[in-house]
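Structure at a glance
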Amino acid sequence: CFFFLMIRRPPRSTLFPYTTLFRSGAAVLSSTLMLATSLLQPVFGHLSDKIKRKMFIVIGPVMSAFFLSGINIPNNYYLLMLFILLGGMGVAAFHPQGAALINLKSGGRKGVGMGIFVFGGSVGFSLGSLLISGIASVGGLEKTYYTMIPGFIIAWLLYKYFFRIEMPKVKENNTNYSQHPVY
């Protein structure tokens, strides 16, 4: 939503005092976020299977809260792109382990559990976009750091209630997936 607002009606002089953000620049930032959040999820899924997995449940939201809410900190376009990339990496880090946790805790109702997980993510994405857009519209970009507060609260709640859940060990296998058709 925030990047959509920049593309539709960029307030050039107030949005980024250090640069004029053209539509193509806003589109690149939006693509950076979308690619980081989606393409890196398999990488973090693999990492969560190999190392201490539960840390991604907390570190992901903390990274997202800090970097995506801190878009007022960078003083140039490339640093802003780095903040957006790191914030997207936080999103990507959370989701594979979050989905695994939901799978574990859903018991025999895995479809319902995943449905609630996806619904919660969609609500969070929508509310986060509205919140940061509203704050930027009213208080300017220098006030977007206020949106870190809900992100840190969510991370704390995830740590308090989900971090201590014992996850089963990942079994190593040497399955040759090319021999198993995917339907």
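Remember, predicted model here, so these are calculated numbers, not experimental data.

Take the overall build of the protein next. In terms of regular secondary structure, the protein is built from 8 helices and 0 strands. What you see in the protein, going N to C, is helices and strands ordered as α-α-α-α-α-α-α-α. Across the 183 residues that make up the protein, the buried fraction comes to 35%. Contacts spanning at least 24 positions in sequence make up 69% of the contacts within the protein whose residues lie at least 6 apart. Summed over all atoms, the accessible surface of the protein reaches about 11400 Å², with 68% contributed by carbon and sulfur.

Here we come to the environment of I71. With respect to the secondary-structure elements, I71 resides in the loop between α5 (55-69) and α6 (77-105). Put simply, I71 and L82 are 11 residues apart on the chain and 9.8 Å apart in space, counted from C-alpha to C-alpha.

On to the nonpolar core, then. Counting residues in hydrophobic clusters, the biggest one holds 8 residues: L29, L33, I71, Y77, L80, I84, I132 and L141. Tallying contributions element by element places α6 first for this core, with 3 residues.

Here we take up the packing of α5 against helix α8 (residues 148-162). Axis separation between α5 and α8 bottoms out at 9 Å; the angle between their running directions is 175°. Viewed along their axes, α5 and α8 adopt a mutual orientation that is roughly antiparallel. Side by side, α5 and α8 meet where I57, V58, P61, V62, A65, F66 and S69 of the first sit next to M148, G151, F152, A155, L158 and Y159 of the second. Residue classes in the contact of α5 with α8 are distributed as 11 nonpolar, 2 polar and no charged.

All right, on to the packing of aromatic side chains then. Tallying each qualifying case throughout the model produces 7 aromatic pairs. Considering the side-chain rings of F66 and F67, the 5.0 Å spacing of their centres and the 85° angle between planes classify their relative orientation as edge-to-face. Plain terms: the ring middles of Y77 and Y78 are 5.6 Å apart, the flat faces sit at 85° to each other, and that makes the pair edge-to-face. Taken together, the aromatic side chains of F66, F67 and F83 make up a single cluster linked through ring pairs.

For α5, which comprises 15 residues, the first-to-last C-alpha distance of 21 Å matches the rise-based estimate of 21 Å (1.5 Å per residue) to within 8%. For α5, the complete set of buried residues consists of F56, I57, V58, G60, P61, S64, A65, F67 and S69. Residues of α5 that are buried sit in contact with α4 (41-50), α6, α7 (110-139) and α8.

Thresholds, definitions, all that
- Residues numbered from 1 in each chain as written.
- Predicted model: local features only at pLDDT ≥ 70, side-chain atom pairs only at ≥ 80, totals over all residues.
- Heavy atoms only, no water.
- Helix = DSSP H or I, 4+ residues; strand = E, 2+ residues; numbered from the N terminus.
- Buried < 20%, exposed > 50% of the residue type's maximum accessible area, 1.4 Å probe, protein only.
- Contact = heavy atoms within 4.5 Å.
- Areas by Shrake-Rupley, 256 points an atom, 1.4 Å probe, with all protein chains shown as cover.
- Core = buried A, V, L, I, M, F, W, Y, C linked by side-chain atoms within 4.5 Å.
- Axes fitted to C-alpha atoms, helices over the stretch in contact; angles between N-to-C directions.
- Parallel < 35°, antiparallel > 145°, perpendicular 65-115°, else oblique.
- Nonpolar A, V, L, I, M, F, W, Y, C, P; charged D, E, K, R; others polar.
- Phe/Tyr/Trp six-rings, centres within 6.5 Å; stacked < 30°, edge-to-face > 60°.
- Expected span 1.5 Å × (residues − 1).

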